[in-house]
Each structure stands twice: as structure tokens, then as C-alpha cells.
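Single-letter residue listing:
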Amino acid sequence: MTQSRARTGTRDNGQVTSAPPLELAGWRHVYSGKVRDLYVPADTAEGAAPAHLLVVASDRVSAFDHVLSPGIPDKGALLTTLSLWWFDQLAGADGGRSIPNHLVPDHALAGDDAVTLIPDAVQGRAMLVRSLDMQPIECVVRGYLTGSGWAEYQSSGTVCGIPLPEGLNDGDRLPEPLYTPAFKAPMGEHDENISFERSVEIVGADTAEALRDLSLEIYRRASATAEARGLILADTKFEFGFDADGVLTLADEVLTSDSSRYWDAEAWRTGTTPAERMASFDKQIVRNWLAANWDKQGEPPALPAEIVERTRDRYAELLQLLTA
């Protein structure tokens, strides 16, 4: 299989930034998504699978399929730090079994010295990872009823076509976590929610079942870790690929505030409005401001400094609460 987004673990589709990528010595830029930039070793032959990849998280922020201006200071470093922490937890630090991930050591020995393989310009916001055969399924797990799931439930009593009990409210905990896969659309198009049966048709029964079971396992473990720190993991999404030995491997970012919805557990218990109960640790501040100040026609307006600062603080607060 030739080098592509399907191999790399970056399937970030949609409008991308027009800012030029960084020039990094020893690396060649091959792709930019809304938030991340991907590099391969400069000596990688065209069309060849690279030995490893460099995934750089930028400070760009996107909403409603647009990259916004300005970015959120430190966002790339905050998200990368949180991903690395979660990869460590899921490798066994949380007491569970070790789940394979795409990280590779970011240092090499040169004589008696350890030499970092990540360029100084992107230290703290880059991950060195293995090339994988990425699966075209976005693995979404929902533990609480909210967002698009709540909208569907109000109209049909279902979430992604799965029937739910009557009488649930926005923000309620679901009887059991739901696995609701999506098909990864080509770049520039929207992902498509699909049934589990459709995922079987796309990747085969064995792989579809493995994706579902592993996603639910990770969600349950991460939820327990979050709850122990006073947080609720309402929903999240994962991406997986097969390594050269055929091992299903966790890839991309994991359990960050860009891929997950976290709430404060005490606020969820005591809040009297949905806004109080479900104030999330992510870019919802940006979405709310845009919804109130932009008609979604043409280019979005620049974000005010106060919105940028509040969003940055929210990302940082989540990292502090989880890792302190």
C-alpha cells in the first residue's frame, strides 16, 4: 500500500489552513489537516511507506469546517501532552492491560549520548509514530446523551439508529455506552455515521468487532480514570490501524479535548441548566461565540482576545485536572 493518509494515522478531513508548514531539517512535509501537520523522513522515497512519521499538533483551531484566526496559544503542546499521558495510562499505568499504540521512542543513541529525533522547533507538540494501515472507521463511543445524539433522540428516540429508553434528558447518562461508528470521508467531505452492520461490510466482521470491543474497553477505562479526578467523559472517538505484524493499534490523538467531551462531575450533578451541567473542557467557547457572531456565510470573523484566552485556559485546566 502506498504512502497516504490511510497509512499515516492522520485522517483529519475538511478545510485546511493556508499557512505554510514549518520547514524541519531532516523531514519532508506531506500533509496538513485542520489542526495537524504530517512529516516523513526526508530520505523517504516517493510512494514508499516511511520507517516512522512526525505528527505535529499546531495551535490552529477549527469550527464549522473553517480554520479560525488567531490560533489558541499552546494548544498543540497541551493536546500532545494529554495524548502522551493517555497513551501511557492505556499502556498499563492505569492498572489495565497494555493496549498497543503507534508511538515510537523519540530518542536514539549516538555514541554515549541520547539524541532527540524530534526537531527543536516542534518539541512538546510533536509525536514520533509508526506507519500503520489505518482503518476507515472513526470509532465513536457515547456514554451520555448530548449533542447530535440528543437532537436525534428528541425526534426519533434513537441515537445513530439505536433505540433508547423513553424519558431521557439532555446530558443524562446512557444505560450502557454506545458504539456508534462513522465512515471516514475523503478529504473535504463530512464523515458519515453508519451502523455497526455497515462497518462490517466495509472492513469485515472480525475487524469491525475488534474495533468495537477495543473502543468500548478504552472508553470504560478512561471514564473510570476521569471519574476518579472529578470529571465525566461524555463521549470520545478513536482511530486504529494495523501494524506490520497485523496487530490492531491505537493511533492519532487519544482522549484529548479535541476528540472528546469532558464535563465537571460536580457541575453535572448540581447544575440546573444544560449549559451549567455540560460546560465542556474544549473549544465550545469558540463555537458559542461564532454561533452568536457569524451567519456561517463567507469567512468567519477573527476571534476576540478574550475568547482565545478563555479557550486556552479551558484546555490547560483539563490537563491539570487529569494529570496532577
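Report follows, based on the coordinates. For clarity, every value in this text was computed on a predicted model and none was experimentally measured.

## Focus on the overall build of the chain
- Tallying secondary structure elements over the chain gives 9 helices and 18 strands in all.
- For the chain, the C-alpha atoms occupy an extent of roughly 65 × 50 × 40 Å along the three principal directions.
- Going through the 324 residues of the chain one by one, you find that 50% of them count as buried.
- Considering only residue pairs separated by 6 or more positions, the chain has 63% of its internal contacts joining residues 24 or more positions apart.
- A total of about 14600 Å² of accessible surface is found on the chain, and carbon and sulfur atoms cover 50% of it.
- If you average the places of the 29 positive and of the 48 negative side-chain charges in the chain, the two averages end up 2 Å apart.

## Examining unusual backbone geometry
- With omega at -5 degrees, the peptide bond leading from Ser69 into Pro70 counts as cis.
- Counting through the fold element by element, Pro70 comes out in the loop between β5 (66–67) and α2 (75–93).
- The phi angle at Asp74 is positive, at roughly 75 degrees, despite the residue not being glycine.
- With phi around 55 degrees, Leu255 is a residue other than glycine that occupies positive phi space.
- Summarising the element assignment, Leu255 is placed in the loop between β17 (248–251) and β18 (260–264).
- With relative accessibility at 0%, the residue Leu255 sits in the buried group.

Parameters at a glance
Residues numbered from 1 in each chain as written. Predicted model: local features only at pLDDT ≥ 70, side-chain atom pairs only at ≥ 80, totals over all residues. Heavy atoms only, no water. Helix = DSSP H or I, 4+ residues; strand = E, 2+ residues; numbered from the N terminus. Buried < 20%, exposed > 50% of the residue type's maximum accessible area, 1.4 Å probe, protein only. Contact = heavy atoms within 4.5 Å. Areas by Shrake-Rupley, 256 points an atom, 1.4 Å probe, with all protein chains shown as cover. Lys, Arg positive; Asp, Glu negative; His and termini not counted. Charge placed at Lys NZ, Arg CZ, Asp CG, Glu CD.

Just distances and angles here, no functional claims.
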